[in-house]
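In case you want the letters, here they are:
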Amino acid sequence: MRHEPTFSAVPPRRIYKYQLEGVACSDMVGGAGMTRSAVQSISRTVLAVLCLARCASFSIADEPIPGIPTLKAPAKVILKRLNIVVSADGSAITKSHYEFQVLDAKLIDKAKTEIIPLCPPLSTVRVTKTFTRQPDGTTVIVPESAIVTRATKKPSTSECPEEIVITYPDIKLGSIVVRETETKTSAIFSHQFVYALMIQKTQTIDHLQIDLTVPSSMVLTVDAPGVTQSRMASQNTTTYRFDYARPSLTASLEELQARRATSPGIYISSFKNYSDAAKSLGAIFYPKAIITPAIQAKADQIVAGETSRRGRAKRIHDWVKTNIRYVAGPWGDRAPREASAVLSTGTGDCKDQAVLLSALLQSEGIETEFVFLDTLDGSFLPKAPVAWGIFNHVITYLPEFNLYQDTTWADADFGDQPLISYGRVALQANRNGGKTIKFPGELGAGLDRLRAFGQSAQ
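Keep in mind the model is a prediction, meaning the values are calculated, not measured.

**Some details on the pattern of salt bridges**
Inspection of the entire model under this criterion finds 14 salt bridges. Between Glu99 and Arg133 there is a salt bridge, and its shortest N-O distance comes to 3.4 Å. With Glu99 in strand 4 (residues 92–102) and Arg133 in strand 6 (residues 123–133), the pair connects residues that are 34 residues apart, well separated along the chain. Asp170 is paired through a salt bridge with Lys172; the nearest N and O atoms lie 2.5 Å apart.

**A word on the packing of helix 8 (residues 309–323) against helix 10 (residues 350–363)**
Packed helices, taken two at a time, are described by the angle between their axes plus the distance between the axes. Look at helix 8 against helix 10: their axes get within 10 Å of each other, and the N-to-C directions meet at 150 degrees. Taken together, the axes of helix 8 and helix 10 are roughly antiparallel relative to one another. Relative to helix 10, the crossing made by helix 8 is right-handed. Facing helix 8, whose interface residues are Ala313, Ile316, His317, Trp319 and Val320, helix 10 presents Gln353, Leu356, Leu357, Leu360 and Leu361.

**Description of the confidence of the model for the protein chain**
Confidence in the prediction for the protein chain averages 81 pLDDT; 76% of positions are at 70 or higher. Considering each helix and strand of the protein chain separately, the mean pLDDT is smallest for helix 1 (residues 26–29), with a value of 30, and largest for helix 7 (residues 293–303), with 98. For residues 1–42, every residue scores under 50 in pLDDT, and the model assigns this stretch 167 contacts once sequence neighbours within four places are set aside. Note on residues 44–70: pLDDT is under 50 here. Beyond four places in sequence and across chains, it has 74 contacts.

**What about the packing of aromatic side chains?**
Evaluated as defined, the whole model comprises eight aromatic pairs. Ring plane angle 80 degrees and centroid distance 6.2 Å describe the contact between Tyr267 and Phe380, whose orientation is recorded as edge-to-face. Placement of Tyr267 in strand 17 (residues 265–269) and of Phe380 in the loop between strand 20 (369–373) and strand 21 (393–398) is noted, with a sequence separation of 113 residues between them. Ring centres of Phe285 and Phe372 lie 5.1 Å apart, and the angle between their planes is 80 degrees; this geometry places the pair in the edge-to-face category. Taken together, the residues span a long stretch of sequence, with Phe285 in helix 6 (residues 274–285) and Phe372 in strand 20 at a distance of 87 residues. Following the ring pairs from residue to residue traces out a cluster consisting of Phe285, Tyr286, Phe370 and Phe372.

**A short note on the pairing of strand 11 (residues 194–198)**
Within strand 11, five of the five residues are buried, leaving the element largely enclosed by the surrounding structure. Across five bridges, strand 11 lies against strand 17 in antiparallel orientation. Across the sheet, the residue bridging to Tyr195 is Ile268, located in strand 17.

**Side note on the sheet that holds strand 11**
In spatial order, the strands read 11-17-13; together these three strands make up an open sheet with antiparallel pairing. Lying at the two open borders of the sheet, with one neighbouring strand each, are strand 11 and strand 13 (221–223). Each strand axis lies, on average, 10 degrees off the axis of its neighbour in the sheet, ignoring direction. Pairing of strand 13 with strand 17 involves three bridges; the strand directions are antiparallel. Residue pairing in the sheet places Asp223 in a bridge with Tyr267 of strand 17.

**Examining the sheet that holds strand 4**
The strand order 7-6-10-4-3-12-15-14 describes an open sheet built from eight strands, whose pairing is mixed. For this open sheet the edge positions go to strand 7 (139–141) and strand 14 (228–233), each flanked by a neighbour on one side alone. Across the sheet, the axes of successive neighbouring strands diverge by a mean angle of 15 degrees, strand direction being ignored.

**Examining the environment of Ala387**
Of note, Ala387 is situated in the loop between strand 20 and strand 21. Of the residues examined, Ala387 reaches a relative accessible area of 0% and is grouped as buried. The sequence separation of Ala387 and Leu281 amounts to 106 residues, and the corresponding C-alpha distance is 7.0 Å. Excluding residues within four positions of it along the chain, Ala387 makes contact with Phe189, Val194, Phe271, Ala277 and Leu281.

**Looking at unusual backbone geometry**
With phi around 55 degrees, Asp170 is a residue other than glycine that occupies positive phi space. One can find Asp170 in the loop between strand 9 (162–167) and strand 10 (176–185). Note on Asp170: relative accessible area 45%, which makes it partly exposed.

Rules used in this analysis
Residues numbered from 1 in each chain as written. Predicted model: local features only at pLDDT ≥ 70, side-chain atom pairs only at ≥ 80, totals over all residues. Heavy atoms only, no water. Salt bridge = Lys/Arg side-chain N within 4 Å of Asp/Glu carboxyl O. Helix = DSSP H or I, 4+ residues; strand = E, 2+ residues; numbered from the N terminus. Axes fitted to C-alpha atoms, helices over the stretch in contact; angles between N-to-C directions. Parallel < 35°, antiparallel > 145°, perpendicular 65-115°, else oblique. Left-handed = near helix turned anticlockwise from the far one by under 90°. Contact = heavy atoms within 4.5 Å. pLDDT = per-residue confidence, 0-100. Phe/Tyr/Trp six-rings, centres within 6.5 Å; stacked < 30°, edge-to-face > 60°. Buried < 20%, exposed > 50% of the residue type's maximum accessible area, 1.4 Å probe, protein only. Pairing = 2+ DSSP bridges.

What follows is the structure, encoded as structure tokens:
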């Protein structure tokens, strides 16, 4: 996870799931965009194998280039091909072809079972072809009985409620797993398209190819550092092609530890600017922060006897932080639950708690804004104004007091800057638009303090 401190010492209620899960490696090989197709084309099991490969002790090749070691990866992607066709309403159909090879015997058992997340109604996935190609060239077809759709085994830590489980027969050292899928995805942002993919330098890939076709009326901003790209326009559509290869891990330590700002990637957006992107995010979040009679009654109860506005804001913040238990929720559709539902269940993830905090504060006449962060990196925002894709955490801004607050962490009191935000760039959304911001502090310094906090809390 970008070589940042782990958080195993922090009280579990306040640990954000992306610091704990193998899912954090999704931006290493798959990306997270409007369609989620990139993530779904790389299953959780494949991600786990690649994460193990990433964390393994790479060996030095027999004939290294002078001064630069060539590292032997225990697994690699031979071919990943995506064909994404976007409709005018922002929905998309993605056809994927994926070939993955295990080069280390320690990873064989992990590669035998593949799990593909399913996030209905946002998206549906159909496995169209899957087989194992053996080292001797023979092919072993995966029978239909070995492809099962089931409820997610760990719903509290999964992004999606269902999953497809594929059991591959007869995996050997050097076997190549081949799988093709078709994913249909509805639009998160009406008539808009956003896609984000960071390519980690710690993963070998012989060939990555993405063909993206959009209506000619959909104008895209494309930022693809380190990736070969081309564009072909016809009367009704425009097709963008992206090609990338990294067949070996010839790299310096600095390259292997590179953050998003210095790593290859593909970032695409139909939004004109980040203000428009923020406005669309606000249009998803503000309607969930509805002031119902139950919300108003709870806010009045919390602030009873407190006369100062800042004191009321503190009481509400402290109440949410203390009484709403963190439970990881689905990020498949990016939408939080309504504030009243979060209040009634007493549980919620970061986006749910941000919505409840907003509704309670607004009940007392205190305005709020939503702030979206990338906790896996946070070093930069691409030129293409991605409305999501790289963001995985939400906190709340109180303009009246110029305070940023996060109720999902136990690290800071009301009025303190959340440690997770130190040095990070973020997207701040209000009702009319928004802006990009950069938090004070050194990137990663807050995480060091957070780890120290967790150790002292034990």
